[in-house]
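# Reading the structure
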Amino acid sequence: MDNYTSCEKCKYFVQHYLKDEFGRFKPIWGAGHCKNSELPYNLSKKIIKSGTPCGHFQPEEVKPQENKKTVLDKLKHAKLLLSDVTRILTED
C-alpha cells in the first residue's frame with residue numbers, strides 16, 4: 001500500500017483514529033472516508049478497502065504552515081502530559 005496514488009495520499013481522504021491508553025491518537029490502517037462529494041459513500045468505502053484509488057484522486061498538498069501547526073499542537077500536548085507527571089510526582 002506504499003503506492004503514491006493510494007487513497008491515504010489523496011487530499012479527499014480523511015483518516016480515522018483510535019485513542020490509545022495514553023490518550024494519543026493512532027491512525028487505524030485502512031480506515032477512513034472520502035470527502036469528495038462526487039463519490040457515493042458506499043462506493044468510497046469499497047475503493048478505500050481495495051487500496052486502489054478512484055478516478056478522483058488528487059495528491060494531498062502539505063503546506064509548511066500546517067506542519068508548524070502540527071508541531072505546535074504536539075508540543076502543547078506534551079506540555080500537558082509533563083504537567084500531569086510533575087503533579088503526580090510532587091503529590092507524594
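You'll find the structure just up there.
Let me sum up the structure you'll find in this document. (Residues numbered from 1 in each chain as written. Predicted model: local features only at pLDDT ≥ 70, side-chain atom pairs only at ≥ 80, totals over all residues. Heavy atoms only, no water.)

### Focus: helix α1 (residues 41-50)
Here α1 has its buried residues at Ser-44, Ile-47 and Ile-48. The arc that holds the buried residues of α1, viewed along the axis, is 100°, so those residues lie on one side. Exposed residues pointing more than 90 degrees away from the buried face of α1 are listed as Asn-42, Lys-46 and Lys-49. Considering only its buried residues, α1 is in contact with β1 (13-19) and β2 (25-34). In the segment just after α1, Gly-51 is the residue with positive phi, at about 80°. (Buried < 20%, exposed > 50% of the residue type's maximum accessible area, 1.4 Å probe, protein only. Helix = DSSP H or I, 4+ residues; strand = E, 2+ residues; numbered from the N terminus. Arc of directions from axis to C-beta. Contact = heavy atoms within 4.5 Å.)

### Points about the environment of Phe-25
In this structure, Phe-25 sits in strand β2. Taking the C-alpha atoms as reference points, Phe-25 and Thr-70, separated by 45 residues in sequence, lie 13 Å from one another. In this structure Phe-25 touches Tyr-17, Leu-18 and Lys-19, once residues within four positions along its chain are discounted.

### Let's talk about the side chain of Asn-36
Position of Asn-36 relative to the elements: it lies in the loop between β2 and α1. Among the residues examined, Asn-36 registers a relative accessible area of 7% and is labelled buried. Within polar-contact distance, the side chain of Asn-36 engages the backbone nitrogen of Glu-38 at 2.8 Å. Discounting chain neighbours no more than four positions away, the residues touching Asn-36 are Tyr-12 and His-56. (Polar contact = N/O pair within 3.5 Å; in protein donor to acceptor, adjacent residues only side chain to side chain.)

### A look at the nonpolar core
In this structure, Cys-7, Cys-10, Phe-13, Cys-34, Leu-39, Ile-47, Ile-48 and Phe-57 together form the largest nonpolar core, which totals eight residues. Apart from the residues within four sequence positions on either side, Phe-13 is in contact with Cys-7, Glu-8, Ala-31, Gly-32, His-33 and Ile-48. (Core = buried A, V, L, I, M, F, W, Y, C linked by side-chain atoms within 4.5 Å.)

Any functional reading would require information beyond the geometric quantities listed.
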